[in-house]
Amino acid sequence: MFSVMFKLKDFFKQNKKDYLISFFTMIASNLFSVFIPYLIGRIIDSIIKQELTGALLMKFGGAFLFSLVAAYLLEFTWSYYLFTGSAKLQRDMRKNMMAHFLKMRASFYEKFRVGDLMARSTQDIRSISDTAGYGMMVLMNATLFLVTIITMMGVSVSWRLALFSLFPLIFLAYTFGKVGNIVEKRYTIAQDAFSSLNNDVLEVIDGIRVIRAYVKEEDYVDTFRKETESMLGKNNKVAEANALFTPMVKFFITFSNIIAFGYGAYLVSQNVLTVGDIVAFQMYLGMIVWPIISIGELTNVLRQGSASMIRVEEVLDTKDNMEESGLKLIETADDIIMHGLDFQYPSSTDKNLKQIDIVIPKGKMLGVVGKTGAGKTTFLRQLLRQYPLGEGEFRYGDTNVLDYQGRHFQKLIGYVPQDHVLFSRSVRENIAFGKGSATDEEIMESVHIAAFEDDLLRMEKGLDTMIGEKGVSISGGQKQRVSIARALIKDPEILILDDSLSAVDAKTEQKIIANIQNVRKGKTTIISTHRLSAVKQADEIVVLEDGVIIERGTHEALLKLGGWYYTQFLRQELKEGDEE
Ligand SMILES: Nc1ncnc2c1ncn2[C@@H]1O[C@H](COP(=O)(O)OP(=O)(O)OP(=O)(O)O)[C@@H](O)[C@H]1O
């Protein structure tokens, strides 16, 4: 249960000053608070003994008021320092989480679904920070307060009475532990359900157009209703376990009250205690309820915090299984050489690339074709190092890719993925993303190469047009061209296009290819495509089937070969002829 506090020890150390201020102001505030019943006890005794004079009342009144104000101000101070600390913890953990997400590659995102990651980086982090704020407050304040009250009960009234009347609380502590275990288990189940629900919401929002097109709204409403019902059930179970704490405290404290009254009255009758003592003692018993309830809640907060900590650690401890990269810096791209390269996705049962032998000389264009599922994207992912390296040789010139610094290596590559990812920003920002300091001239140059000029002219605000969620929706072909412009503005040593021209018409495709060839002289370009006309000009074309290169050569050589490429090319030519 306390493991979560232990795991946060570095954070507590870093914010030692704040926690020390909280701790000492808390002690002082508690001392002033417990002084008040003591004063009341003394006033009652003075009334009974008929010793209360005006001067004495003024003295008691002054001390009472001073203690009240001091306790209030001190409580403000400790709660300020404690709760700002917990907000800092949330900030730090979110920063760590985001840094981790940005470092991770494909296999990590295959393990965790987006909704799950969102749940862990919001609700779980909040629950952990509750342990550093509320949890810490209860731990320090309730235990300190409890110790102070019990000491006052013993010192200012009677140790015997204190021991007897607090005896039932031993059973309370035992029950707290048992219920705490139940809370932790139920909370983990509820959080897992929340992750899954989060994910489903994201999927619905993402796929809303398809859901509508297939008139599946009702089905989704129904599924979602069932899920939220089940989630409600799980949360109710947590609430049910939580609700046990307060009645449990009241139940056991009642026994303490009975003992205190019975045994206390006996001690008064024996002249061991005064009536004022008993009143003060009962007030102390009343005061003890709050810290005990809080300790129950502390158990709760700590159990939930440690369940959340396990969920957050699971994410932070998951690496993407990428090999350690070397220290070499790569300044310029060399020939890309793969020899006998095999690769298998972690979740795949068969090899997805088999014995790939390829040399892409620096500055040349390679075309990668093949039917769907042949392994084109998988081959490009090896170049991009999105997955662990397969078995076999993969070099840049004479140097094994693993000898290069991973991140540095990426700087040479411009990549246009199959699924176009554009941000909810302006066209300008989306394109300049490829090169932070890009001027409008440079942006327009890439717009021109990507054949996006005419589209831009039609946009009322030109480069300032907002796209995505915050602005206009743009077509698939337009998205592809903005993505191409984003990759081109970097003027990368290696440009990788993964089926990036599929949504543009044949004429525009030819225009883009011609532009690319024109501006990328001396630079390596790799194009994977279904439409063979896009790679006609390539220096070499490889045909993949089931992860194996089955044909290779120039366009002319492949036509002569009369294999898959030849048949496919004829089919596409005929189709395009028909369309024209
Ligand atoms: N992340 C993955 N985990 C497991 N298997 C995968 C993964 N991605 C792809 N595959 C499998 O690897 C094989 C090659 O897929 P790949 O996406 O490389 O084909 P492709 O030639 O690019 O297809 P397409 O033209 O349809 O994009 C397929 O059998 C596919 O099911």
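What counts as what
- Residues numbered from 1 in each chain as written.
- Predicted model: local features only at pLDDT ≥ 70, side-chain atom pairs only at ≥ 80, totals over all residues.
- Heavy atoms only, no water.
- Pairing = 2+ DSSP bridges.
- Helix = DSSP H or I, 4+ residues; strand = E, 2+ residues; numbered from the N terminus.
- Buried < 20%, exposed > 50% of the residue type's maximum accessible area, 1.4 Å probe, protein only.
- Arc of directions from axis to C-beta.
- Contact = heavy atoms within 4.5 Å.
- Polar contact = N/O pair within 3.5 Å; in protein donor to acceptor, adjacent residues only side chain to side chain.
- Salt bridge = Lys/Arg side-chain N within 4 Å of Asp/Glu carboxyl O.
- Core = buried A, V, L, I, M, F, W, Y, C linked by side-chain atoms within 4.5 Å.
- Right-handed = clockwise from strand over helix to strand, strands pointing away.

Attention shifts here to the sheet that holds strand E1 (residues 336-343). If you walk across this open sheet you meet the four strands as E2-E1-E4-E5, and the pairing is antiparallel. Edge positions in the sheet fall to strand E2 (353-360) and strand E5 (399-400), since each has one partner strand and no second. As judged from the two bridges shared by strand E4 (residues 391-396) and E5, these two strands associate in the antiparallel manner. Bridge pairing in E5 links Tyr396 to Thr399.

Among the residues of helix H7 (residues 159-166), Leu161, Ala162, Ser165 and Leu166 are the ones counted as buried. Looking straight down H7, one finds that the buried residues subtend no more than 110° of arc, so they occupy a single side. Here the buried face of H7 lies against helix H6 (114-157), helix H8 (169-206), helix H11 (245-269) and helix H12 (275-317). Put simply, Ser158 is the residue that caps the front of H7, since its side-chain oxygen is 3.2 Å from the backbone nitrogen of Arg160.

Turning our eyes to something else, we now look at the side chain of Asn30. Mapped onto the elements of the fold, Asn30 is located in helix H3 (residues 16-48). Given a relative accessible area of 4%, Asn30 falls into the buried group. Once residues lying within four places of it in the same chain are set aside, the contact partners of Asn30 are Asn141, Leu144, Phe145 and Thr148.

The subject of this paragraph is the pattern of salt bridges. Between side chains of opposite charge, pairing is possible as soon as their charged atoms come close. Applying the stated criterion across every chain, the model contains 24 salt bridges. With a closest N to O distance of 3.2 Å, Glu313 and Lys7 form a salt bridge. With a gap of 306 residues between them, Glu313 in helix H12 and Lys7 in helix H1 (residues 3-7) connect regions that are remote in the sequence. Exposure remark for Lys7: the relative accessible area of 36% places this residue in the partly exposed category. A salt bridge links Glu314 to Arg120, with the nearest nitrogen and oxygen atoms 2.9 Å apart. Here Glu314, found in helix H12, pairs with Arg120, found in helix H6; they are 194 residues apart in sequence, far enough to count as distant. Taking relative accessible area as the criterion, Glu314 reaches 36% and is therefore assigned partly exposed. By relative accessible area, Arg120 is classed as buried at 6%. One continuous salt-bridge network, built from bridges that share partners, spans Arg42, Asp45 and Asp277.

Here is a general trend for soluble globular proteins: nonpolar side chains tend to be buried in one another's company. Val427, Ile431 and Ile443 are the most contacted members of the largest nonpolar core, which has 41 residues in total. When residues of this core are traced back to their parent elements, those giving at least two are strand E3 (365-370), helix H15 (427-432), helix H16 (440-449), helix H18 (476-488), strand E7 (494-498), helix H19 (506-519), strand E9 (540-545) and helix H21 (564-579). The greatest single-element share of this core, amounting to five residues, is contributed by H18. Beyond its immediate sequence surroundings of up to four residues, Val427 is in contact with Phe452, Leu456, Met459, Gly462, Leu463, Thr465 and Ile467. Ile149, Ile278, Tyr284 and Val289 belong to the second-largest nonpolar core, a separate cluster that totals 35 residues.

Attention shifts here to the pairing of strand E8 (residues 524-528). Residues in a regular strand point their side chains to alternate faces of the sheet. Where burial is concerned, most of E8 is hidden: five out of the five residues are buried. Of the two faces of E8, the one holding Thr524, Ile526 and Ser528 and the one holding Thr525 and Ile527 are both buried throughout. Relative to E8, E3 is paired through four bridges, and the arrangement is parallel. Along E8, the bridge assignment pairs Val368 with Ser528. For E7 and E8, the ladder comprises five bridges, and the chain directions are parallel. Bridge assignment links Ile496 to a residue of E8, and that residue is Ile526. Each parallel crossover has a hand, and for E7 linked through H19 to E8 it is right-handed.

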